[in-house]
Amino acid sequence: MLECFKDMREGIALLKRFLVQRAYTRKLILWAQEDGVISALEKSGVFTAQGYLSALETGLGYKMQDEARRRMALVLLDFLEESGRLKAMPSREAMRTYAVVPDARLPEPLSFTDMEMMESVLESKTAFLDRCIERAGGFLRGKDYLYDFDGSRMVDAGEAWDRFLGNYEFNLAREFLAKAMSADVADTARREIMDLCCGTGHGIEAISRSRPDAVITALDFTDTLRPIALARAASSGARVLWPSAVWKGFGHGLPFEDSRFDMALFSCGDPYIRQEEREAVYAEIKRVLRPGGVLGAVAWGYPDKQRRHIRNSWVRLGVYIHDFAESVCAGWQGFHDIDETVRMARRLGFIPANPFFDDFYMLDTAVWTFKKPEAARRG
Ligand SMILES: C[S@@+](CC[C@H](N)C(=O)[O-])C[C@H]1O[C@@H](n2cnc3c(N)ncnc32)[C@H](O)[C@@H]1O
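No experiment lies behind these values; they were computed from the predicted model shown.

1. Regarding the packing of aromatic side chains
Now for step 1: Across all of its chains, the model carries 22 aromatic pairs by this definition.
Now for step 2: Centroid distance Phe170 to Trp300: 5.9 Å. Interplanar angle 55°. Geometry classified as tilted. With Phe170 in helix H8 (residues 168-184) and Trp300 in the loop between strand E7 (289-298) and strand E8 (301-302), this pair connects stretches of sequence that are 130 residues apart.
Now for step 3: According to the relative accessible area criterion, Phe170 is buried, its value standing at 3%.

2. A closer look at the pattern of salt bridges
Now for step 1: Taken as a whole and assessed by the stated rule, the structure comprises 32 salt bridges.
Now for step 2: Among the salt bridges present, the one from Glu169 reaches Lys125, with a minimum N-O distance of 2.6 Å. You can see Glu169 sitting in helix H8 and its partner Lys125 sitting in helix H6 (residues 112-140), a full 44 residues away along the chain.
Now for step 3: Among the ionic pairs, Asp213 bridges to Arg211, the shortest N-O distance being 3.0 Å.
Now for step 4: Judged by relative accessible area, Arg211 falls into the buried class, the value being 17%.
Now for step 5: Connected via shared salt-bridge partners are Asp78, Glu81, Arg96 and Lys305.

3. Observations concerning the pairing of strand E2 (residues 97-100)
For a regular strand, the rule is simple: side chains alternate between the two faces of the sheet.
Now for step 1: Side-chain alternation along E2 places Thr97 and Ala99 on one buried face and Tyr98 and Val100 on a second face that is also buried.
Now for step 2: The pairing of strand E1 (residues 86-89) with E2 spans 4 bridges and is classified as antiparallel. Across the sheet, Lys87 pairs through a bridge with Ala99, a residue of E2.

Cut-offs applied
Every chain is numbered on its own, with residues counted from 1 as its sequence reads. Note on the predicted model: pLDDT of at least 70 is required for a residue's local features to be given, and 80 or more for side-chain atom pairs to be given and counted; whole-chain, interface and lining totals, by contrast, use all residues. Only heavy atoms go into the side-chain values, all of them from the structure, while hydrogens and water stay out. Note on aromatic contacts: the rings of Phe and Tyr and the six-membered ring of Trp form a pair at centre separations within 6.5 Å, being stacked when their planes are under 30 degrees apart, edge-to-face when over 60 apart, and tilted otherwise. Secondary structure elements follow DSSP: runs of H or I no shorter than four residues count as helices, runs of E no shorter than two count as strands, and numbering proceeds from the N terminus. Relative accessibility decides the category of a residue: with a 1.4 Å probe and only protein chains considered, values under 20% of the type maximum give buried, values over 50% give exposed, and everything between is partly exposed. By definition here, a salt bridge exists when the distance from a side-chain nitrogen of Lys or Arg to a carboxyl oxygen of Asp or Glu is within 4 Å. Think of it this way: DSSP has to see at least two bridges between two strands before they count as a pair.

So, in structure tokens, the structure goes:
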């Protein structure tokens, strides 16, 4: 089936049918009903976000004192509002109140043809979402995380990540990004590219397809996924360097000298950075880029309430669903605010060059390029 979508425009057209978003909006609303969320809220009448958290804590035993679980529940609140299951009375943001919409209609199930299409093209994404949503109720009540990256919780975590990360949508985003990055960097003989948080090597594959001459330095904070990345790198024919220096992860300096790389790919790693460390992580990436070099990131932005950045409701719902589901993975911090990302990039002296389009599905908010100025500013 994937062969049918070699052309990116066809792929984008497929993603713009919002199959996953439609199917999983229905699924997550049903989950919220079955887990008791909707009836706990019905009992609360009109409630604030704080009242919502208290209702879930007292009514359902959700552990709302825990930061990761509280955040996950708040993502669900935004999802329920966006999907029309809750109505918000938008007074001032801090005093926003909500009420359950009686008899709100569920989105229609996908047609047989759409379901077949989703299962054949996006199964590796939906299988992951299914497992995460299945864990959601238990996790919110205090059960352990489902997946992590160091393999301490599950023996086959590497394979599970690999299948999920290799889904059609992410591959398309990486391919789009690799092309956008190349277009942003003046041609030089050398192509030193860092793949930060390389995971199981899907980024290596995307880079080597768009830049067969690249020398890719692949870095991650754990070796657990390395065997899969090594195999993928070997079959793609990419020239990859695997630094022996240990990197302990976000919050620690990158083990490279200044201005070492022409480009940095940072795909699907951003939502694992804690807010307080985020600026330092990007400052480090900037340090190791040469002047004129470019950082390309794949990371959804969290839908803004004002709907200035993300207007399309299916895109918004899709981001909420993803954020909610992946919250059951250890280390997940959630998608970051779009304005904050742009402000941070500017503070650091990057030139944001985000190829934003109006209704391009996830490419609206998920693909970022930031350029380090030719004449590097101080800091
Ligand atoms: C969702 S995977 C993305 C992997 C890969 N870049 C891709 O696009 O397929 C997230 C990556 O972030 C890394 N990661 C998670 N938490 C991290 C941390 N605290 N410090 C550094 N890297 C981390 C993981 O090892 C993993 O490679």
